[in-house]
Amino acid sequence: MWQKIANIILRNRLFILAILLIITVFLGYFAFTGLKIDNKYGNTLPKNSEAQKNYLDFKTRFGEDGSTLVIAIQDKDFYTEEKFRTWKEIGDSILQIDGVLGVISEATLFTLVNNKTQERFDAKRVFSDVSYKEKSIDSIKNEIKNNPIYKNILYNPATGVSLMMVKMDEKFLSNQKTSKVVLTVENIALNYEKEFGKMHFAGLPHIRIVVGKRILNEMYFFIGLSILVTSIILYLFFKSFRVVFICNSVVFVSVIWSMGTIGLFGYHISILMALIPPLMIVISIPNCVFLMTKYHQEVKKHGNKIKALAVVISKIGLATFLTNFTTAMGFSTFIFTNSQRLIEFGVIASINILLVFFISITIIPIITTFSKSPKTRHLKHLDRKIAQSFLDKLVYLIQFKRKWIYITCLVLVAISVVGIFKMKATGNVTGDLPPGDPILKDVHFIEKNFGGAIPFEILINYKKPGRLFKNETLEKIEKIQDLVSKDTLFSKSLSYVDFVKVINMAYYGNDSTKYRLLSNRDKKRLKKYIDNFDWNNSSASNMSIKELIDTTNTTLRVRTQMKDLGSYQVNDYVQLLKLKFDQILNPDKSKMNYYLKQIEKNKQKYIDSLFEYFPSVYNNVTEILSSKNTALQYEFDSNPEKIKTYYKDKNFKHYIKQAVNDEFFEITLTGTSVVVSEGTMYLVKNLFTSILFAIISISILMALLFRSFRMVLVSMIPNLIPLVMTAGIMGWFQIPLKPSTLLIFSIALGISVDDTIHFLSKYRLELKTKKWNLKECILISIKESGIGMFYTSIILFFGFSVLSFSQFGGTKALGMLISITLLIAMLTNLIVLPSILLSLDRLITTKSFEEPYFEVYDEDSDINWDDLEVKQLDSNNEFDTDKPDN
């Protein structure tokens, strides 16, 4: 089959080049017009996870939790006429920008004034007269500081830090073209640094847009750096600019196709997806090395270029395809994670790795036919002393030092296993940013002065609209807010309760001592005020009540921000807070549930006890039974004994259970901090599943290749050892498991197994020609396939190492660790694998291994050279032959 493919490629060069050009132009269009930045931050959860459902439900009810840009200044002399006026001017300028929905700062606040005549509250601006004739700056300062709701939300009195909160339109943030509005807003603020000192920016819009911009810049940087590094290595190996040009032709096409497929599929450039183009460069170069090395070996043998190219395609075409296929399988494991981002990454990576093979197997032979034959100096790399000396030392170790090889491996694996138990998983919003990064500094600045910077949402379902305004409900919510305020991990919280307190304070002439919940007497006095109050107006606290109570009036929101902690720390806090909040909101829950269990056991007396101790449950049951029948409800109210006639009703227990559940407040904790935490833990849990899937998939492929279960086991050992050692390195050097570093294992396994396939395929071929002289076959396989493995491993090492120049810690760790893993994999495949083959000898080299389902390397005798016809290419008649030389 591969001989026919060779014939097709070499006979139809111009036609194939035309097809490649058309596809490249087509995908190039999408690469330059269809790429969009994914600035949605950190959500790697599958759609069907509970945390994801809770978060989506929250956004449906209240909108985005991360659409507020925060601008912070620290100025002890902030309250001067000039500076306060300038602060207002900044806010007014920002408010004029499309995509800005609102601006809240100390210079934009409203106050509520008690209009006793009309029994309503009138909203008036605290600061409107920039000439200060209406109010002095001291009067304005006192009025703002007198309102407790703003303290530690808009300003920190102890440190002199003031905030400006800019509400952004999510539609603008999600669109790559319009998302630059964030940078426009920030540039306006930066123009005033002379007046206020350093401007600090925080909030998810800032992080999303700035990080998104960095991701795009890094992608292009890595493309250029990868091409430069691999080009230098190629030249050092082959000493030929022609080879560098041919290989870079493959690289350029691969990059355009990879970027084009991202745009064609409608996927966005995320921190993961930005790795695809440089990865394609790194993965395509080993193809080039294997093909060019084999081409040079064949030219050195007989000097016929066309025959050499045909041999390259027919002899190692399948081997190259299988190495690309196994690499694609390593990436394809992400398709089964149920995480949309990882699925997209897996799909694009797998498709493009297979496309890289197609590009390599066509472009290299075709362009080479148009170039001159390699000169003698271009073939010297085949006898390079450094590589040969390296391989000779390996051969010596395998022949005479196998005992020490096994001991060394066991010791290193044992040390690595200890390191594995030291591994820690984390995953926070700014976890990939290096220490000292401006984003990180600003986040820490906000955390230091206000307690937290990452959205954390508390949702409380009170189930019945009439329950919201009851003192019992308000007092419970107040206790929850008090609990949060005492925790240094959180910023000051804001809820509907704070609105109520502001109204009460306004009724008493904005007396700050009245910033408290309404008494029953005040409720009666304020009834008309409350009826006349526009709750959707932003007057009470410059925010709409709709942001704190959902439209169905059964769920309220307590909004706060949390410090940017690791995922497991956040999860621990979430579980602890749920327990504490439940004890506040549902103090009688355990007792009610006890009664409920007894009732389910048909202990009727507990029904009476339940109704006696908890009259609200009785009311709920009668409401269910009456089903809006007012006459029946009246009977229940006037005759408590009537309900006993329903005790034997088959659905009565269900009604009681429903009535009890209606009494419980339901708590949901969500927000960006929770989603990022849950996403990381989900990926960690699925790490082993994806690795296991990769191992099983690759093992099945090896079984098809070698038809020997024993050989499959042996072949996986040198590929699993590097993974164990890498995990150990992560543990010993405290490199945490997080979404970016979790990718290492599946990717490295898919790539490292390529060396195993090349080595064992060559070994099997030698078995047939050397009549089962195992020792000689193994040593020849090391020397012949070792050069290619050595070259490709060096290229992969330096290719992935370029990622260590990333600004993102996860990408940096990914590059370094994959580089180390692949280097270790080369050594294990060249040392451990041959050693095991020699030690176990004929125990694993069975007859079925000699006779596979299909050959990876074809022998020369299998190729019918008479079938190959190549048209004349030039006037020198160098290839003017219908039959290559035999």
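Whatever comes next refers back to the structure up there.
All residue numbers here refer to positions counted from 1 along the written sequence of the relevant chain. The model is predicted, so local features are restricted to residues of pLDDT at least 70 and side-chain atom pairs to those at 80 or more, both for listing and for counting; the totals for chains, interfaces and linings are taken over all residues. Here the side-chain values reflect all heavy atoms present in the structure, with hydrogen atoms and water set aside.

Caption draft 1: Inspection of the overall build of the protein at higher detail. Helices and strands together make up the secondary structure of the protein, namely 31 helices and 12 strands. If you line up the protein on its principal axes, its C-alpha atoms span 110 × 75 × 50 Å. Each residue is assigned to one of three classes by its accessible area relative to the maximum for its type, calculated with a 1.4 Å probe on protein chains only: buried under 20%, partly exposed between the two thresholds, exposed over 50%. Going through the 886 residues of the protein one by one, you find that 58% of them count as buried. Note on contacts: a residue pair is in contact if any heavy atoms of the two residues lie within 4.5 Å. In the protein, of all internal contacts separated by at least 6 residues, the share reaching a separation of at least 24 is 78%. On the protein, roughly 38,200 Å² of surface is accessible, and the fraction owed to carbon and sulfur atoms is 57%. Seen as two clouds, the 106 positive and the 83 negative side-chain charges of the protein have centres 4 Å apart. Helix and strand labels come from DSSP, where a helix needs a run of H or I of at least four residues and a strand needs a run of E of at least two; each type is numbered from the N terminus. Accessible areas in this description were obtained via Shrake-Rupley with a 1.4 Å probe; residue shielding takes into account the shown protein chains only. The charge count includes Lys and Arg as positive and Asp and Glu as negative, but it does not include His or the ends of the chains. By convention, the point assigned to a charge is CZ for Arg, NZ for Lys, CD for Glu and CG for Asp.

Caption draft 2: Layout of the packing of helix H9 (residues 204-238) against helix H11 (residues 276-302). Every angle, taken between N-to-C directions, lies between 0 and 180 degrees, and every axis is a line fitted to C-alpha atoms, over only the stretch in contact when it is a helix. It is at 9 Å that the axes of H9 and H11 come closest, and there the two elements cross at 15 degrees. By the angle between their directions, the pair H9 and H11 is classed as roughly parallel. In the crossing of H9 with H11, the sense of the turn from one axis to the other is right-handed. In this structure, H9 uses Met219, Phe222, Ile223, Ser226, Ile227, Thr230, Leu234 and Phe238 to contact H11, whose residues at the interface are Pro277, Pro278, Ile281, Ile285, Val289, Met292, Thr293 and His296. The residue inventory of the contact of H9 with H11, partitioned by class, reads 12 nonpolar, four polar and no charged. To sort the angles, those under 35 degrees are grouped as roughly parallel, those over 145 as roughly antiparallel, those from 65 to 115 as roughly perpendicular, and the leftovers as oblique. Whether a crossing is left-handed or right-handed is set by the direction in which the near helix is turned from the far one by less than a right angle, anticlockwise for left-handed and clockwise for right-handed. Charged residues are taken to be Asp, Glu, Lys and Arg, nonpolar residues to be Ala, Val, Leu, Ile, Met, Phe, Trp, Tyr, Cys and Pro, and polar residues to be all remaining types, Gly included.

Caption draft 3: Here's a closer look at the pattern of salt bridges. For this document, the term salt bridge refers to a Lys or Arg side-chain nitrogen within 4 Å of an Asp or Glu carboxyl oxygen. Tallying each qualifying case throughout the model produces 22 salt bridges. Residue Arg214 is joined to Asp437 by a salt bridge in which the shortest nitrogen-to-oxygen separation is 2.6 Å. One end of the pair, Arg214, is in helix H9; the other, Asp437, is in the loop between helix H15 (402-420) and helix H16 (438-450), and 223 residues separate them in sequence. Since its relative accessible area comes to 12%, Arg214 is described here as buried. The partner of Glu641 in a salt bridge is Lys644, with the nearest N and O atoms 3.2 Å apart. Owing to a relative accessible area of 38%, Lys644 belongs among the partly exposed residues under this scheme. One network of salt bridges, in which partners are shared, links Asp57, Arg61 and Asp550.

Caption draft 4: Quick look at the sheet that holds strand S11 (residues 555-562). Spatial strand order, S11-S10-S12: three strands in an open sheet with antiparallel pairing. Either end of the sheet is taken by a strand with one partner, and the two such strands are S11 and strand S12 (666-670). Strand-to-strand twist of the sheet, defined as the mean angle between neighbouring strand axes without regard to direction, takes the value 20 degrees. Packing against the sheet, helix H20 (residues 567-585) makes contact with strand S10 (454-461), S11 and S12, and its axis sits at approximately 155 degrees to S12. Strands S10, S11 and S12 of the sheet are contacted by helix H26 (residues 672-706), whose axis makes an angle of about 100 degrees with S10. When DSSP finds two or more bridges between two strands, those strands count as paired.

Caption draft 5: Expanded view of the nonpolar core. Only buried residues count toward a nonpolar core. Its members are Ala, Val, Leu, Ile, Met, Phe, Trp, Tyr and Cys residues joined through side-chain atoms within 4.5 Å. With 180 residues, the main nonpolar core has Ile269, Phe331, Ile446, Phe745, Phe800 and Leu837 as its most contacted residues. Here this core gets 15 residues from one element, more than from any other, and that element is H9. Counting residues in hydrophobic clusters, the runner-up holds 86 residues, among them Val100, Ala189, Met199 and Val500.

Caption draft 6: Representation of the side chain of Thr560 within the structure. Turning to its location among the elements, Thr560 is positioned in strand S11. Between N or O atoms, a polar contact is any pair within 3.5 Å; within protein, one atom must be a potential hydrogen donor and the other a potential acceptor, and residues adjacent in sequence are included only when both atoms are from side chains. In terms of polar contacts, Thr560 uses its side chain to reach the backbone carbonyl oxygen of Ser491, at 2.9 Å. Among residues more than four places away in sequence, those in contact with Thr560 are Ile454, Pro455, Phe456, Val484, Phe490, Ser491, Lys492 and Ser493.

Caption draft 7: Seen up close, a nonpolar patch on the surface. Patches here are clusters of residues that have more than 30% relative accessible area and form no salt bridge, with a 9 Å joining cutoff for like charges and a 5 Å cutoff for nonpolar side chains (Val, Leu, Ile, Met, Phe, Trp, Tyr). A grouping of Trp404, Ile407, Val411, Leu412, Ile415, Val418, Trp732 and Phe733 is seen on the molecular surface, where their side chains present a nonpolar patch of about 790 Å² in accessible area. Examined against the element boundaries, Val411 turns out to sit in helix H15.

Caption draft 8: Structural context of H15. The span you would expect from a helix comes to 1.5 Å times its residue count less one. For H15, with 19 residues, the first-to-last C-alpha span of 27 Å sits near the 27 Å given by 1.5 Å per residue. Looking at H15, one finds that the buried residues are Ile405, Cys409, Ser416 and Gly419. The buried residues of H15 all sit within an arc of 80 degrees when viewed along its axis, so they share a single face. For H15, the exposed residues lying more than 90 degrees away from the buried face are Lys403, Trp404 and Leu410. Looking at the buried positions of H15, the neighbouring elements they touch are helix H14 (385-400), helix H27 (709-732) and helix H30 (809-840). Starting at the helix axis, one direction is taken to each C-beta atom, and the arc is that of these directions.

Caption draft 9: Focus on empty space enclosed by the protein. Buried and open spaces are told apart on a 1 Å grid over the protein atoms alone, a cavity being a set of points where a 1.4 Å probe fits but cannot get out and a pocket being an open set with protein on both sides within 12 Å along at least five of seven lines. Residues with an atom within 4 Å of a point are the lining residues. Grid points are joined across faces, edges and corners, and a volume is the space filled by probe spheres set on the points. Evaluated as defined, the whole model comprises nine cavities of 30 Å³ or more. In this structure, the second largest cavity occupies an estimated 190 Å³ of space. Around the second largest cavity sit 18 residues that line it, and Pro286, Thr327, Ile751, Asp754 and Leu796 are the ones nearest its centre. Residue assignment for the lining of the second largest cavity shows that the elements contributing at least two residues are H11, helix H12 (305-332), helix H28 (744-769), helix H29 (774-801) and H30. Looking at the lining of the second largest cavity, the element that brings in the most residues is H28, giving five residues. Residue composition of the lining of the second largest cavity, grouped by class: seven nonpolar, nine polar and two charged.

Caption draft 10: Molecular detail of the side chain of Asp754. Tracing the backbone through its elements, the reader meets Asp754 in helix H28. Accessibility expressed as a relative area gives 13% for Asp754, which makes it buried.

Caption draft 11: Structural context of the packing of H14 against H30. One way to put it is that H14 packs onto H30 with a least axis distance of 10 Å and a crossing angle of 35 degrees. Both H14 and H30 take part in a crossing whose hand is right-handed. Side by side, H14 and H30 meet where Phe390, Leu391, Leu394 and Ile398 of the first sit next to Met826, Leu827, Leu830, Ile831, Pro834, Ser835 and Leu838 of the second. Taken together, the residues that form the contact of H14 with H30 break down as 10 nonpolar, one polar and no charged.

Caption draft 12: Spotlight on unusual backbone geometry. Phi at Glu119 is positive, roughly 50 degrees, even though this residue is not glycine. In this structure, Glu119 sits in the loop between strand S4 (110-115) and strand S5 (120-125). For Lys239, which is not glycine, the phi dihedral falls at a positive 55 degrees. Tracing the backbone through its elements, the reader meets Lys239 in the loop between H9 and helix H10 (241-264). Overall, Lys239 belongs to the partly exposed group, its relative accessible area being 37%.

Caption draft 13: Fine view of helix H22 (residues 605-613). Tyr606, Ile607, Leu610 and Phe611 are the residues of H22 that are buried. For H22, the buried positions fall inside an angular range of 140 degrees around the axis, keeping them on one side. Away from the buried face of H22 by more than 90 degrees, exposed residues Lys605 and Glu612 are located. Those residues of H22 that are buried lie in contact with helix H21 (589-600), helix H23 (615-626) and helix H25 (652-663).

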